[in-house]
Amino acid sequence: MTIILDTIIQGSLLGGLFALYALGLSLIFGVMRIVNIAHGDFIVVIAYVGLVLMQTLGLHPLISIPLVIVMAAALGWILQAVLFDFVPNIDPLPSMLVAFGLQIIIQNTLLLGFGADPKKLSAGPIEVMSIELLPDIFVGVLPLIIFATAIILILILQAIIYRTGFGRQIRAVSDNEENARMIGIDTPKIFRKAFALVLVTIAISGLLMAVKGNFTPASGPTLLLFAFEAVIIGGMGSLWGTLVGGIVIGIAHVAGAQIDAGFQTLAGHAVFLLILVFYPSGLFAKQED
Amino acid sequence: MTNLLQVCDLTLHYGKFLALKDINIHIEAGEIVAVIGANGAGKSSLIKAITGLAPPSSGSVLFEGKNLTNSQTSSVVRAGIAVVPEGRRIFPSLSVEENILMGRDVAGLTDNSGSPWTLERIYDLFPVLEEKRKLSGTQLSGGQQQMIAISRALMTNPRVLLCDEISLGLAPTIINQLYDQLRLLVKEGLAVLIVEQAMRTALSVSSRYYCMLEGQISLSGLSSDADEEAVIRAYFGRSV
């Protein structure tokens, strides 16, 4: 019994990390219809930014989060303004190809600059601290922080999307971009702000990923896959669904690892396929009219 | 004296196709001006040219003496020209109230901007919208959706309201109700440009009219003086 409960708890906490990877992807696809193949590579770039900040300025990875958020938001704004603004968005293919190109550039630049060796950011003693959540069930402080961060980030994103004028405009653009422009929404500006917001989520998930485990210049596609699975299990357009999707994959990973270490990732993908068979539009898909 | 909104020698091409040729119109505060014409006469192109959705090949759009030619739609709206687009363009993911508030958002206004247009005032104008404010914008009837589109435009706090075919597909009683409300607003100094295929409706609510035919103004004058036969000739390009 304890082992089942432990699997669920540890898996859920791991799912918080997957959800963090996925939140930005959910936003960028839901709003801007950009299939950002380079999403995982952006996360990896942030990890290396954290590495450089730690090596040059001696900044603790968790302390550097605010600074990296600002840098990432600026990067998102610039990417949209100088690159994606010029990509025709009549259908998702052109932007997907641009993102694919970005992915190749990012991976090879990182390889050139940092080599292929796995890196990790050290956060110090907090990494090994744990608390006894229930009798005989210990959870790490770091996974708890990551999970709490995911929940707080979802709350903030929900508030932005459903309670602010900017969020209303995001939803209007996502409904129909042409109509949005026709009534006077400054769609390029909304896209830039939205991309900046996406990069903020990437900044947070990138640093936490780098503290939690190893990364190499080639880690991006794996992260992208986890993110895509979480988004699709949860259903497009539902951020809480994305968290549930992350948790489902997280539990599958931990349960798979109980059976065999090599079964860990495979279990996640198998559960994803199963859910796709029975709920093709995800568990909490936004109702379409 | 400068006109509130003045369109000077406006010509618009879509590729090689000439959509508008040497259009000159103007509108003052406190009047309803009608642009009438058959389908394809260029009425909607005129709205697109004024609001920056279709950049004109030559000519200019002046608003309060400022040149708005080739401005982005968002700048045109912020300057004080709001559009009630053809087909209403209500966003299904947004509630009725959020669709209305969108007007304030696009104009860069907030709760505290001191705009005379508030939700309370909108709900005074169209009480039915308050009852249904939580519903999705597209769950309402056509007439009510038109009320949302007008409300959204008013929330930008405009000096000029451009209404593209607001009577299309609506019952006559609803059309009368909408125009009654617009007439009240015009008394307070709003300028309203209505684009209509429905010739008689347009002439009865407006003080002046322009009739368009094949991208040009074929006739214009005071609506009260309009000679129906002449207007019909200008509308269809021949006697009917």
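Further up the page is the structure itself.
Along each chain, residue indices are assigned from 1 in the same order as the chain's sequence is written. Chain letters and ligand numbers both follow the written order, the letters beginning at A and the numbers at 1. Note on the predicted model: pLDDT of at least 70 is required for a residue's local features to be given, and 80 or more for side-chain atom pairs to be given and counted; whole-chain, interface and lining totals, by contrast, use all residues. Just so you know, side-chain values use all the structure's heavy atoms and leave hydrogens and water out.

Student: Help me out: how do you make sense of the sheet that holds strand β6 (residues 81-84) of chain B in this one?
Tutor: Strands in a sheet are paired, the pairing made by backbone hydrogen bonds, and the direction either parallel or antiparallel. Residue and element names in this part refer to chain B. Pairs of strands are assigned from DSSP output, requiring at least two bridges between the strands. Strands are runs of DSSP state E lasting at least two residues, helices are runs of H or I lasting at least four, and both sets are numbered from the N terminus onward. Strand order in this open sheet of 6 strands is β6-β7-β8-β3-β9-β10, and the pairing throughout is mixed. Here the strands that pair on one side only, and so sit at the sheet edges, are β6 and β10 (216-222). Here the strands of the sheet are splayed against their neighbours by 15° on average, with no regard to which way each runs. Strand direction decides the pairing type here: strand β7 (residues 160-164) and strand β8 (residues 191-196), joined by 5 bridges, are parallel. Bridge pairing in β8 places Asp164 opposite Val195. Under this scheme, a helix contributes an axis fitted over its contacting stretch, all axes are lines through C-alpha atoms, and angles between N-to-C directions fall in the 0 to 180 degree range.

Student: Please explain the environment of Ser174 of chain A as it appears in this structure.
Tutor: All names here are of chain A. Looking at the secondary structure, you find Ser174 in helix α6 (residues 165-175). Classification of residues uses two cut-offs on accessible area relative to the type maximum, computed with a 1.4 Å probe and protein chains only: under 20% is buried, over 50% is exposed, and between them is partly exposed. The class for Ser174 is buried, based on a relative accessible area of 12%. For the pair formed by Ser174 and Arg33, sequence separation is 141 residues and the distance between their alpha carbons is 7.9 Å.

Student: Help me understand the packing of α6 of chain A against helix α3 (residues 96-106) of chain B in this model?
Tutor: Two numbers describe a pair of packed helices, the interaxial angle and the distance between the axes. Between α6 of chain A and α3 of chain B, the shortest axis-to-axis distance is 10 Å and the interhelical angle comes to 110°. Between α6 of chain A and α3 of chain B, the angle falls in the class roughly perpendicular. Crossing geometry of α6 of chain A relative to α3 of chain B is assigned as left-handed. Here α6 of chain A contributes Gly165, Arg168, Gln169, Arg171 and Ala172 of chain A to the contact with α3 of chain B, which in turn contributes Glu98, Leu101, Met102, Arg104, Asp105 and Val106 of chain B. For classification purposes, angles smaller than 35 degrees are called roughly parallel, those larger than 145 roughly antiparallel, those between 65 and 115 roughly perpendicular, and all remaining angles oblique. Working rule for handedness: look at the near helix, and if it is turned counterclockwise from the far one by less than a right angle, call the crossing left-handed; if clockwise, right-handed. Whether two residues are in contact is decided by their heavy atoms: any pair within 4.5 Å suffices.

Student: What's the story with the sheet that holds strand β5 (residues 66-67) of chain B in this structure? I'm lost.
Tutor: Residue and element names in this part refer to chain B. Reading across the sheet, the 4 strands line up as β2-β1-β4-β5 and stay open at both edges, with antiparallel pairing between neighbours. Only two strands of the sheet have a single neighbouring strand rather than two, namely β2 (17-27) and β5. Pairing of strand β4 (residues 58-63) with β5, which is carried by 2 bridges, proceeds in the antiparallel orientation. Paired with Phe63 across the strands is Lys66, a residue of β5. Its contacts with the sheet place helix α1 (residues 43-51) against β1 (5-14), β2 and β4, and it is angled at close to 110° to β1.

Student: Sorry if this is basic, but what is going on with the pattern of salt bridges here?
Tutor: Opposite charge on two side chains permits them to pair, given that their charged atoms come into close proximity. Residue and element names in this part refer to chain A. Here, a salt bridge means any side-chain nitrogen of Lys or Arg that lies within 4 Å of a carboxyl oxygen of Asp or Glu. The full count for this structure, using the stated rule, is 14 salt bridges over all chains. Among the salt bridges present, the one from Asp85 reaches Arg192, with a minimum N-O distance of 2.5 Å. Linking Asp85 in the loop between α3 (65-82) and α4 (93-114) with Arg192 in helix α8 (residues 187-212), this pair joins segments that are 107 residues apart in sequence. Look at Asp85 and you get partly exposed, because its relative accessible area is 27%. For Arg192, a relative accessible area of 23% translates into the label partly exposed.

Student: What am I meant to see in the nonpolar core here?
Tutor: In this structure, Leu20, Tyr21, Phe42, Ile185 and Phe195 of chain A are the most contacted members of the largest nonpolar core, which totals 93 residues. Top element by residues in this core is α8 of chain A. It accounts for 16 residues. When neighbours within four sequence positions are excluded, Leu20 of chain A is seen to be in contact with Ile146, Ala150, Leu153, Thr201, Ile204, Ser205 and Leu208 of chain A. Here, nonpolar core refers to any group of buried Ala, Val, Leu, Ile, Met, Phe, Trp, Tyr and Cys residues whose side-chain atoms link them within 4.5 Å. Ala34, Phe126, Ile175 and Ala234 of chain B belong to the second largest nonpolar core, which has 47 residues in total.

None of this, on its own, says anything about what the molecule does.
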